[in-house]
Amino acid sequence: MQVVLSLFTGIGMLDIGFKELGFCVVSAGDTILGEHHDIRKFKAKKGVFDGIIAGPPCQDFSKARRTAPTGEGLELLNEFCRIVEEAKPRWFIMENVPTVPNVKIDDYFVQRFDLNAKNCGSMQNRNRHFQFGSYTCDFDNELPTLILNIKRDPSPPSVSRCVTASEGKQKDRRDFADFCELQGLPQDFDLPNFNQSAKYRAVGNGVNVLVSRRIAEAVKVATEDKEYIKEHELTMYGDLCACGCGRLLTGRQKSATPNCRKRLEKKRKLEKSLNLPSTVPPDDVFKQRIEINRTARAIEKITEKYKKMYENED
Ligand SMILES: C[S@@+](CC[C@H](N)C(=O)[O-])C[C@H]1O[C@@H](n2cnc3c(N)ncnc32)[C@H](O)[C@@H]1O
Ligand SMILES: [Zn+2]
C-alpha cells in the first residue's frame, strides 16, 4: 500500500479519489482546522511517503483576482517544494489554476497538464492545472520516469459555469446541494459546523471529486503497473506532447490532438517573430524518438529471448 502525504488538505476532496483506490492518505493538516496546522511549521520525514498530493492556495495566481497578489501564493508554493525536497517521495501531484508558475525541484521530472472537470464526467466547466513530478535523480539513473496518461471524455454539449469559493456570498449563488453535486459530492453532503460562506468556500476550493478519481487512477497505473511503467520508460525522448498539454504521444504522432497542433504552430510563429530560440521540437526529434524506442524495445525482446534459451538449457 502506498502512503501518501496530503498538503493543504482542505476538506480532503483531492484525497477522496486516492483513498477509494486504496492509497493510505495522511494529512499534514490545514489552517481551517486551526493556526497550529500552518504548513510553515510542518517538517516532513524523509523516506516515509511514496507520494505527496497538494492543492496550495491559488488566489494569487487566479485571473479572477481583483486585488494585487499578496505574495502568499508564491510563499506557500515554495513551502510545497520544501516539503517535497525533505520527504523525497517517488512522485507528487500539485493542483492549482492554469496560470500558476511551474515548480522546479531538483531530481524531479515534472509533467504539466490542464484537466477540465467537464472531460471527467462532470457537468461543470472547471479547468485546473496539474504538475506531476517523478523522482528520477537524473536520466541515467535506474528509476524510470513516471508519466500519467489521463483518460479524458468528450465535453458534454452544455455545462454549468465554474463554482467559486466566494459563491456563498453572492446573491445568484446556486443551492448548496447543487453546488456540491457540481463538485462531485453527494447532494446531501453537509458541513454542519461551518457557516454558510465557509461551507461554500471549503467545497468551492476543493478539487472536483470526479477529477480527483481520474488523477488517482492515472497515478495508480503510472506508479504500480509494471508493464505500463516499462512501456513509458523512454518518455524523455519526446513521448510527451510538446504543446505542454501533458498528453502522451503514440506511434508517429507529432502532437496529441488537432488543437495541440494549432498551439504548437502558434508557439512556433510567436517565437520566430520575437527572434527567440524555438522550444518546439524539430521533426527529427520525433524520428529520433520513434527510432530510439523501437531499438530499445527490440533489444529488450532479444534479451528476453536469449534469457529464455539459457533457462531452457539449464
Ligand atoms: C485550494 S484549497 C485545497 C483544497 C483541497 N485540495 C481539496 O481538494 O479539498 C487550499 C487550502 O490551503 C489552506 N491553507 C492556506 N494557507 C495555509 C497554510 N499556511 N498552512 C496550511 N494550509 C493552508 C486553506 O485553508 C485551503 O483549505
Ligand atoms: Zn498537446
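Above this note sits the structure.
All values reported here derive from a predicted model rather than from experimental measurement.

Q: A description of the environment of Asn149 should follow, citing residues and the corresponding values.
A: With respect to the helices and strands, the residue Asn149 is situated in the loop between strand 6 (127-135) and helix 3 (176-182). Of the residues examined, Asn149 has 16 C-beta atoms within 10 Å and is grouped as partly exposed. The sequence separation of Asn149 and Arg247 amounts to 98 residues, and the corresponding C-alpha distance is 6.5 Å. Setting aside anything within four residues of it in sequence, one finds Asn149 in contact with Ala218 and Leu248.

Q: Explain the site of ligand 1 to me, and be specific about the residues and the numbers.
A: Taken together, 21 residues lie around ligand 1, and Gly10, Met13, Ile39, Gly55 and Gly206 are the ones closest in. Along the lines of polarity and charge, the residues of the shell around ligand 1 split into 10 nonpolar, eight polar and three charged.

Q: Let's hear about the nonpolar core: which residues, and what values?
A: In this structure, Ile52, Phe80, Ile93 and Val219 are the most contacted members of the largest nonpolar core, which totals 53 residues. By residue number, the principal contributor to this core is helix 5 (residues 209-224), which donates eight residues. Among the domains, domain 1 (3-233) and domain 2 (240-314) are the pair contributing at least three residues each to this core. Once residues within four sequence positions are removed from consideration, Ile93 is found in contact with Ile53, Phe130, Phe132, Ile215 and Val219.

Definitions and cut-offs
- Residues numbered from 1 in each chain as written.
- Chains lettered and ligands numbered in written order.
- Predicted model: local features only at pLDDT ≥ 70, side-chain atom pairs only at ≥ 80, totals over all residues.
- Helix = DSSP H or I, 4+ residues; strand = E, 2+ residues; numbered from the N terminus.
- Buried ≥ 20, exposed ≤ 12 C-beta atoms within 10 Å, placed from the backbone.
- Contact = placed C-beta atoms within 7 Å.
- Near = placed C-beta within 6 Å.
- Nonpolar A, V, L, I, M, F, W, Y, C, P; charged D, E, K, R; others polar.
- Core = buried A, V, L, I, M, F, W, Y, C linked by C-beta atoms within 7 Å.
- Domains from an automatic or database assignment.

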